[in-house]
Amino acid sequence: MKPFAYLRAGTVADAVRACAAHPGAKFLGGGTNLVDLMKLGVETPGLLVDVSRLPLDRITDTPEGGLRIGATVRNSDLAAHPAVRTRYPALSQALLAGASGQLRNIATTGGNLLQRTRCPYFQDTSKPCNKRAPGTGCPAREGTHRDLAVLGHSEECVATHPSDMAVALAALDAEVLLHGPEGERTVPVTGFHRLPGDNPDADTVVRPGELVTDVLLPPLPDGTVSLYRKARDRASYAFALASVAAVLHVRDGRVEHAALAFGGLAHRPWRARTAEEILRGAPADDATFLRAADAELAAARPLRDNAFKVRLARHLAVDALAELTART
């Protein structure tokens, strides 16, 4: 075991200062991903800054009619919150699909966003991996990649982001509030995670020393409905082969607003902008939904063993949109 120092932060400012002063330091919330990676030797921080007792565990209404979710709110509490269940059901469903009950009781909102890939090559320090050790290669491209990316991947990395919650947040146009050495800034969830490009070791746009403090959900227009659908190898705790979060508002048989995000297909939650453009103003029927899904997934570049994900995502999207239309 590699030795590390531990500090329990008393304030957000203290936490940021401590992390900024120690390159390689990590914030510790629930630790359900970070501690596992430390045990594997993938993460080797010299300092853990414990933020779990900071006053960031509240869910409150915003003046605009949305929700402000603190970064240390536990996944179980967020999924069960009445405002989330009634106003943002896709988020509650995504959280409940995301892990075992024990993990949801510990895992935090901020940590869920920041969790790292479950690619087997990334987690095995005896294997090369560009995400873990830049420049060593990506053996997953020719090796085991059934569960990995079909959209947005590069020669350097074909890993997928594992979060279910982040997919729902992307479809709901959520924003992440960050507090760092240079002050506060807000980043859309759709721009929070990066595609791999030439440096897949950078998962997010978070700067050194920045702490996720809150997630902001905007209000949804009256009549808007949402859901989250996930396909996995087993009904119990498992990561998505493909998933979709859909937000829909239909008026007089036509789509007035649509937001669609895929999970399990890319290095980040994949916001389906092409599909949304086709859906907007079009008849709310299966033909439109198929056309929109096919247009979005035309960009897919499946590898040898994961082309099935494209068909799977297509069916998930069409079924989700049809179900939501039936509710309006």
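It should be noted that the structure appears before, not after, this text.
Below is a short write-up of the structure. Every chain's residues receive numbers from 1 upward, in the order its sequence appears when written. Two thresholds apply to this predicted model, a pLDDT of at least 70 for residue-level local features and 80 or more for giving and counting side-chain atom pairs, whereas whole-chain, interface and lining totals are computed over all residues. To obtain the side-chain values, all non-hydrogen atoms of the structure were used and water was disregarded.

### Section: empty space enclosed by the protein
Turning to step 1, where the next piece is worked out: We place a 1 Å grid over just the protein atoms. Points where a 1.4 Å probe fits but has no way out form a cavity, open points with protein on both sides within 12 Å along at least 5 of 7 lines form a pocket, and any residue with an atom within 4 Å of a point lines it. Grid points are joined across faces, edges and corners, and a volume is the space filled by probe spheres set on the points. Summed over the entire model, instances satisfying the criterion amount to 2 cavities of 30 Å³ or more.
Turning to step 2, where the next piece is worked out: Estimates place the volume of the largest cavity at around 70 Å³.
Turning to step 3, where the next piece is worked out: In terms of lining, the largest cavity is formed by 13 residues, of which the most central are Cys-119, Cys-129, Cys-138, Cys-157 and Val-158.
Turning to step 4, where the next piece is worked out: Polar here means any residue outside two lists: the nonpolar Ala, Val, Leu, Ile, Met, Phe, Trp, Tyr, Cys and Pro, and the charged Asp, Glu, Lys and Arg; Gly therefore counts as polar. When its residues are assigned to classes, the lining of the largest cavity shows 10 nonpolar, 1 polar and 2 charged.
Turning to step 5, where the next piece is worked out: Considering only enclosed or pocket space, the second largest cavity measures out at about 60 Å³ in volume.
Turning to step 6, where the next piece is worked out: Lining the second largest cavity are Thr-117, Lys-131, Ala-159, Thr-160, His-161, Asp-203 and His-267.

### Quick notes on the sheet that holds strand β2 (residues 26–28)
Turning to step 1, where the next piece is worked out: Pairing within the open sheet is parallel, and its 3 strands lie in the order β1-β3-β2. Edge positions in the sheet fall to β1 (5–8) and β2, since each has one partner strand and no second. In this sheet, adjacent strand axes meet at a mean angle of 30 degrees when their direction is disregarded. What makes two strands pair is DSSP finding at least two bridges between them. Strands here mean DSSP runs of E at least two residues long; helices mean DSSP runs of H or I at least four residues long; both are numbered from the N terminus. The axes used here are C-alpha line fits, helices contributing only the stretch in contact, and every angle between their N-to-C directions lies in the interval 0 to 180 degrees.

### Overview of the pattern of salt bridges
Turning to step 1, where the next piece is worked out: One side-chain nitrogen of Lys or Arg within 4 Å of one carboxyl oxygen of Asp or Glu is enough to make a salt bridge. Considering all chains together, one arrives at 24 salt bridges under this definition.
Turning to step 2, where the next piece is worked out: The closest approach of N and O atoms between Asp-173 and Arg-271, which form a salt bridge, is 2.8 Å. Remark: Arg-271 occurs in strand β12 (residues 270–271) and Asp-173 occurs in the loop between α9 (165–171) and β6 (175–180); sequence separation between them is 98 residues.
Turning to step 3, where the next piece is worked out: Categorising residues by exposure relies on relative accessible area from a 1.4 Å probe, with only protein chains included: less than 20% of the type maximum marks a residue as buried, more than 50% marks it as exposed, and the intermediate range marks it as partly exposed. Given a relative accessible area of 11%, Arg-271 falls into the buried group.
Turning to step 4, where the next piece is worked out: Among the ionic pairs, Glu-256 bridges to Arg-251, the shortest N-O distance being 2.7 Å.
Turning to step 5, where the next piece is worked out: A single salt-bridge network, built from bridges that share partners, covers Lys-26, Glu-43, Arg-116, Lys-131 and Asp-203.

### Comments concerning the nonpolar core
Turning to step 1, where the next piece is worked out: Ranked by internal contacts, the top residues of the largest apolar core, which has 37 residues, are Ile-69, Leu-78, Leu-91, Leu-113, Leu-169 and Leu-217.
Turning to step 2, where the next piece is worked out: By residue number, the principal contributor to this core is α9, which donates 7 residues.
Turning to step 3, where the next piece is worked out: In what follows, residue pairs with any heavy atoms lying within 4.5 Å of each other are defined as contacts. Excluding residues that lie within four positions of it along the chain, Leu-169 makes contacts with Leu-91, Leu-113, Ala-174, Val-189, Val-215 and Leu-217. Put simply, a nonpolar core is a bunch of buried Ala, Val, Leu, Ile, Met, Phe, Trp, Tyr and Cys residues held in one set by side-chain atoms that sit within 4.5 Å of each other.

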